[in-house]
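Results of the structural survey
What follows is the residue order along each chain.
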Amino acid sequence: MTRYSYFCPCPRGLEVALAEELNEIAQFDQTLHVHTQVPGGVHCSGELRDAYSINLHSRIASRVLLRMAHAGYLNENDIYDLTLAQPWEDWFGYHHTIRVDVTAVKSPLKSLEFTTLKIKDAICDRFRDQFTQRPSVDTKNPDMRIVGFLDARNFTIYLDTSGEPLFKRGWRMETGDAPLRENLAAGLLRTTGWKPGMPLLDPMCGSGTILIEAAQMLAGIPPGLRREFAFEKFAGFQEEEWLATKAKAKPHPLPVEPTIFGSDISGDMIVMTRNNLNKAGIRFDVPLKQIEAQEIKAPTEIPGVLLTNPPYGERIGVRGDSTVEPDDMARDFFSAFSSTLKQRFAGWSVFLFTADLGLPKMLRLKESRKTPFFNGALECRLFRFDMVAGFNRREEAKPKHLS
């Protein structure tokens, strides 16, 4: 069988988690080999069916890109010539629509727009030379996406096997303000060390992204089960192989007792989360409460993982006092939330994902770990706080000064 080189991009900060995940997928597909991690993704190689498996099973990758060619370049003409030489007709036809995207790091070329145009021209010229017809461009909903990457000396051209980015699982009906992307939520869950069966609580769940990713892991539902992929339109698409890949995914036994819990200040968000859980195929109980985060209690006697993406600024004041400044509201909120964590979550590992790097100071807690991530272009941190048993009792035991 033919082997191909792949590149799987992911949110910055999740390269190690993605490499771990790809190695887990490789245990079931002996032909998949995981290679180097680079900023923003992981290189791997395998047969075409391995691209099917990664698209179906990876919760962290953003796409699966099949490498068509890699070579040095001096100018746009070199890029045109390399693109023109590739057998695009072996993968798709002139009746398909295409889109070309280019990214660059330290490239000497002056215009990425012009480079993008040269790649598009090369693909269309190859089809026109062979068939007298060429693919049309569709930037919104293309059949095929072609991705170029330039560094200071080398050019790599890829064919995207995924189509829509992989964080689009196919279940999301509704979103709240600033929802986490699904692959970032999955990567955060992995980074916390949470495993299916451990108690998990998101007390500011929004539209439910963290809860749904965890619930699908618990149920054994592959993230790509409910969507379509670009490779299904490839000329060499092996439908029987794809159906066999999907058939290998066996659901896990459903839990008897709930282990995943969510709450939010907004009743609308609770309804939204419930609808999204249902659309995502979750057929077991995920208890949800409408409650302010500073009023929550631990949902299980066994300590677990609390993971949330706290709101910021005006988002804190869904039911707040409009006369209070957002900064003051945030300070009051996180002070009260901190007291709740100390008093009610002894033994829990608390993880807060935020772009506010001053969050520990507002909580008056010292983080045990902070892991850098990027949410798109936004630099963020995943702060870990270990709620030690007896934390609050020690504070109460401090001697009080006599008046």
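Our subject in this report is the structure included herewith. Treat the numbers as computed from the prediction; the structure is a model and nothing was measured.

**Notes on the state of the cysteines**
In total, this model carries zero disulfides according to the counting rule given. Free of any disulfide, Cys 44 has its nearest neighbouring cysteine sulfur in Cys 8, separated by 4.0 Å. No disulfide involves Cys 380; its sulfur sits 15 Å from that of Cys 10, the nearest cysteine.

**Section: the pairing of strand S3 (residues 41–46)**
Counting buried positions along S3 gives five out of six residues, so the element sits mostly inside the fold. Here strand S1 (residues 4–9) runs beside S3; their pairing, made up of six bridges, is antiparallel. Looking at S3, one finds that Phe 7 is bridged to His 43. Where strand S2 (residues 33–38) meets S3, four bridges bridge the pair, whose relative direction is antiparallel. Residue pairing across strands places Val 38 opposite Gly 41, the latter belonging to S3. What sits between the antiparallel neighbours S2 and S3 is a turn of two residues, in which Gly 40 has the positive phi angle 95 degrees.

**Focus on the nonpolar core**
Phe 92 and Ile 146 are the most contacted members of the largest nonpolar core, which totals 83 residues. Per-element tally for this core: the top contributor is helix H6 (residues 209–219), with eight residues. Every residue in contact with Phe 92, bar those within four places of it in the chain, is listed here: Ile 98, Ile 123, Phe 127, Pro 135, Met 144, Ile 146, Leu 159 and Ala 235. Ranked by size, the runner-up nonpolar core spans 21 residues in total, among them Ala 330, Leu 365, Phe 383 and Met 387.

**So, the sheet that holds strand S9 (residues 200–202)**
Here seven strands make up an open sheet; going across it, the order is S11-S10-S9-S12-S13-S15-S14 and the pairing mixed. The two strands at the open ends of the sheet, each matched to only one other strand, are strand S11 (288–290) and strand S14 (369–375). Strand-to-strand twist of the sheet, defined as the mean angle between neighbouring strand axes without regard to direction, takes the value 20 degrees. Inspection of the sheet shows S14 paired to strand S15 (residues 378–386) by seven bridges, in the antiparallel sense. Bridged to Thr 371 within S15 is Leu 382. Relative to the sheet, H6 contacts S9, strand S10 (260–264), S11 and strand S12 (305–308), its axis offset from that of S10 by approximately 165 degrees. The sheet strands contacting helix H8 (residues 267–279) are S10 and S11, and the helix crosses S11 at an angle near 165 degrees.

What counts as what
Residues numbered from 1 in each chain as written. Predicted model: local features only at pLDDT ≥ 70, side-chain atom pairs only at ≥ 80, totals over all residues. Heavy atoms only, no water. Disulfide = S-S within 2.5 Å. Buried < 20%, exposed > 50% of the residue type's maximum accessible area, 1.4 Å probe, protein only. Helix = DSSP H or I, 4+ residues; strand = E, 2+ residues; numbered from the N terminus. Pairing = 2+ DSSP bridges. Core = buried A, V, L, I, M, F, W, Y, C linked by side-chain atoms within 4.5 Å. Contact = heavy atoms within 4.5 Å. Axes fitted to C-alpha atoms, helices over the stretch in contact; angles between N-to-C directions.

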